[in-house]
Amino acid sequence: QVQLVESGGGLVQAGGSLRLSCAASGRHFSSYVMGWFRQAPGKGREFVAAINGKGDSTDYADSMKGRFTISRDNAKNTVYLQLNSLKPEDTGVYYCAARSRATPAYNYWGQGTQVTVSS
């Protein structure tokens, strides 16, 4: 069982930056693939980025490449999402999620953190 708690969201102007954190409790954090997703107002949840257990392989949605960076610190049981060059369309609730390597679906989800980008 993994419990996830996101933090770091807030209100920022277009072009600004934020760093989101996701703290995980439970055992074997380094065995989980960690992902970030977001949900804009009135839209479905979409994939943002993912990172493997060791932290040496990442994947991004095409629209986020070059602006967002996912990383993890297994010693701190924490995964991060650095958001740069933010745009108003990046506004939404950002969720952290975890899955085991053996399953394609994310089993564990955080409660989300709100990111609002003003123009």
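Conventions we followed
Residues numbered from 1 in each chain as written. Predicted model: local features only at pLDDT ≥ 70, side-chain atom pairs only at ≥ 80, totals over all residues. Heavy atoms only, no water. Helix = DSSP H or I, 4+ residues; strand = E, 2+ residues; numbered from the N terminus. Rg over C-alpha atoms; globule rule 2.2 N^0.38 Å. Buried < 20%, exposed > 50% of the residue type's maximum accessible area, 1.4 Å probe, protein only. Contact = heavy atoms within 4.5 Å. Pairing = 2+ DSSP bridges. Axes fitted to C-alpha atoms, helices over the stretch in contact; angles between N-to-C directions. Core = buried A, V, L, I, M, F, W, Y, C linked by side-chain atoms within 4.5 Å. Disulfide = S-S within 2.5 Å.

Caption draft 1: Layout of the overall build of the protein. Per the secondary structure count, the protein includes zero helices and 11 strands. For the protein, the α and β elements follow one another from N to C terminus as β-β-β-β-β-β-β-β-β-β-β. For 119 residues, the compact-globule estimate of 2.2 N^0.38 gives 14 Å, and the C-alpha radius of gyration of the protein, at 13 Å, lies within 12% of that figure. Taking the principal axes of its C-alpha atoms as reference, the protein extends roughly 40 × 25 × 25 Å. Each of the 119 residues in the protein was classed as buried or not, and the buried ones make up 45%. Counted over contacts in the protein with a minimum sequence separation of 6, partners at least 24 positions apart contribute 54%.

Caption draft 2: Inspection of the side chain of Asp90 at higher detail. In this structure, Asp90 sits in the loop between strand 8 (78-83) and strand 9 (92-100). With a relative accessible area of 0%, Asp90 lands in the buried category. Contacts of Asp90, omitting those with residues within four sequence positions, involve Arg38, Arg67, Phe68, Ser85, Val115 and Val117.

Caption draft 3: The arrangement of the sheet that holds strand 8 in detail. An order of 1-3-8-7 is seen for the four strands of this open sheet, with the pairing classed as antiparallel. Whereas interior strands pair on both sides, the edge strands pair on one side only; in this sheet they are strand 1 (3-7) and strand 7 (68-73). Pairs of neighbouring strands in the sheet enclose a mean axial angle of 15°, with direction left out of account. Two strands pair when backbone bridges link them, and strand 3 (residues 18-25) and strand 8 are joined in this way by six bridges, in the antiparallel orientation. By the bridge assignment, Leu18 is partnered in strand 8 with Leu83.

Caption draft 4: Structural detail: the nonpolar core. Grouped together as the largest cluster of nonpolar side chains are 29 residues, with contacts concentrated most on Leu4, Met34, Trp36, Leu81, Leu83 and Tyr94. Put simply, the parts of the chain that give this core at least two residues each are strand 3, strand 4 (32-39), strand 5 (45-51), strand 7, strand 8, strand 9 and strand 11 (113-118). The element that contributes the greatest number of residues to this core is strand 3, accounting for four residues. Each residue touching Leu83, except ones within four places of it in the same chain, is listed here: Gly16, Ser17, Leu18, Leu20, Arg67, Phe68, Tyr94 and Val115. Core analysis: the second largest hydrophobic core is formed by five residues, Val33, Phe37, Ala50 and Tyr106 among them.

Caption draft 5: A look at the state of the cysteines. Inspection of the entire model under this criterion finds one disulfide. Between Cys22 and Cys96 runs a disulfide, and the two sulfur atoms are separated by 2.1 Å. Measuring handedness by torsion sign, the sulfur bridge of Cys22 and Cys96 sits at about -75° and is left-handed. Within this pair, whereas Cys22 is found in strand 3, its partner Cys96 is found in strand 9, the two being separated by 74 residues in sequence. Residue Cys96 is classed as buried on the basis of its relative accessible area, which comes to 0%.

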